[in-house]
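Survey of secondary and tertiary structure
One letter stands for each residue in the lines below.
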Amino acid sequence: GENVEQHPSTLSVQEGDSAVIKCTYSDSASNYFPWYKQELGKRPQLIIDIRSNVGEKKDQRIAVTLNKTAKHFSLHITETQPEDSAVYFCAASIESGAGSYQLTFGKGTKLSVIP
Amino acid sequence: NAGVTQTPKFQVLKTGQSMTLQCAQDMNHNSMYWYRQDPGMGLRLIYYSASEGTTDKGEVPNGYNVSRLNKREFSLRLESAAPSQTSVYFCASSRYGYTFGSGTRLTVV
C-alpha cells in the first residue's frame, strides 16, 4: 500500500517568513495530493490540493508543488501569520473519479509562527 | 447544512465494554470513512464505504466493525474495547475532497 513520509515534524518560523513542508510518497499510481490544516482540538480542514496532471498550484499565500518523477510534493506558506500556527498533514491517494479514494496521511508537521 | 455530524464528542469506556460511534452526512456523498488519530501517527484509515451497501477494511481494522446503514449514516462499533483503542476518531465523507466530522475523543480505561 501507499506510504507517505512527512518532514519536518516540527517547524518554527518568525512571523512574515516562509514555511516549507515536504512529503514523499511510495505508490507511483497516486494522483491526488491534498493538504490539511488542523488547529488544536479541531477537525482537519482541506487547505489546498493538487492532482498529478499539474506541477504547481497557488491560493493566495499557500502553494503546493509536485514532482512526480521524484515522488515528492511540498507545501509553501509565504508571509506567515500567527493564525497559520497549526498541525499540517499531507496525504496521497489514487482518485478514480467516482468520488471514493482512501487517503494515506503523513504524520503531520506542527508549525509555530512566532510573533 | 450541517456537513458531517459525529456523536458522541467524548466517551470513557471500561476495558471490555462495547459502544457504537455514529456518523451522518447531509451532502449526498457516496463515500464515507472512519479514521483514528493518535499523537505522532497522523490519521489512519480504519474502514471505508465507497457506496451504500459496501464496506472495506483500511489500514487498522482489527477490533472494529462498521455498518453503512443508508447513504447518510456510517457507524463504527467497538465490540470489546481495549486501552489501545484510546484515540480520537474522525468520520469523513467525500465527493471532491474530504469533509471531516468534529471527532470523538474516546478513552478506554
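Reference entry: report on the structure contained in this document.

Description of the pairing of strand 4 (residues 31–38) of chain B
Residue and element names in this part refer to chain B.
- Burial within strand 4 is extensive, with eight of its eight residues counted as buried.
- On strand 4, burial covers both faces: Ser31, Tyr33, Tyr35 and Gln37 on one face and Met32, Trp34, Arg36 and Asp38 on the other are all buried.
- Bridge count for strand 4 against strand 9 (residues 87–94) is seven bridges, and the pairing is antiparallel. Looking at strand 9, one finds that Trp34 is bridged to Cys91.
- In this sheet, strand 5 (residues 42–49) lies alongside strand 4 in antiparallel orientation, the contact comprising seven bridges. Paired with Met32 across the bridge in strand 5 is Ser49.
- Hairpin connection, strand 4 to strand 5: the antiparallel pair is bridged by three residues, and Gly40 has positive phi, about 75°.

So, the pairing of strand 8 (residues 74–78) of chain B
Residue and element names in this part refer to chain B.
- Burial of strand 8 is extensive: four of the five residues sit out of reach of the surface.
- Sheet analysis places strand 3 (residues 19–25) next to strand 8, joined by three bridges and oriented antiparallel. Considered in strand 8, the bridge of Met19 is made with Leu78.
- Bridge analysis of strand 7 (residues 64–68) against strand 8 gives five bridges, and the strand direction is antiparallel. Residue Ser67 lies in a different strand from strand 8, and its bridge partner there is Ser75.
- Here strand 7 folds back onto strand 8, and the loop between the two strands holds five residues.

A closer look at the interface of chain A and chain B
- Contacts between chain A and chain B engage 15 residues on the former and 21 residues on the latter.
- When chain A packs against chain B, close to 1,600 Å² is buried across both sides, 53% of that on carbon and sulfur atoms.
- In terms of surface lost to chain B, no three residues of chain A exceed Arg43(A), Tyr101(A) and Phe105(A), which account for 31% of the buried area on that side.
- Between the two partners, chain A and chain B, sit zero salt bridges.
- Taken together, the connections running from chain A to chain B amount to eight residue pairs in polar contact (both at pLDDT 80 or more).
- Looking at the side of chain A that touches chain B, the element that brings in the most residues is strand 4 (residues 32–38) of chain A, giving three residues.
- Partitioning the side of chain A that touches chain B into residue classes produces seven nonpolar, five polar and three charged.

Quick notes on the rules
- Residues numbered from 1 in each chain as written.
- Chains lettered and ligands numbered in written order.
- Predicted model: local features only at pLDDT ≥ 70, side-chain atom pairs only at ≥ 80, totals over all residues.
- Heavy atoms only, no water.
- Buried < 20%, exposed > 50% of the residue type's maximum accessible area, 1.4 Å probe, protein only.
- Helix = DSSP H or I, 4+ residues; strand = E, 2+ residues; numbered from the N terminus.
- Pairing = 2+ DSSP bridges.
- Contact = heavy atoms within 4.5 Å.
- Buried area = accessible area lost by both parts, 1.4 Å probe.
- Salt bridge = Lys/Arg side-chain N within 4 Å of Asp/Glu carboxyl O.
- Polar contact = N/O pair within 3.5 Å; in protein donor to acceptor, adjacent residues only side chain to side chain.
- Nonpolar A, V, L, I, M, F, W, Y, C, P; charged D, E, K, R; others polar.

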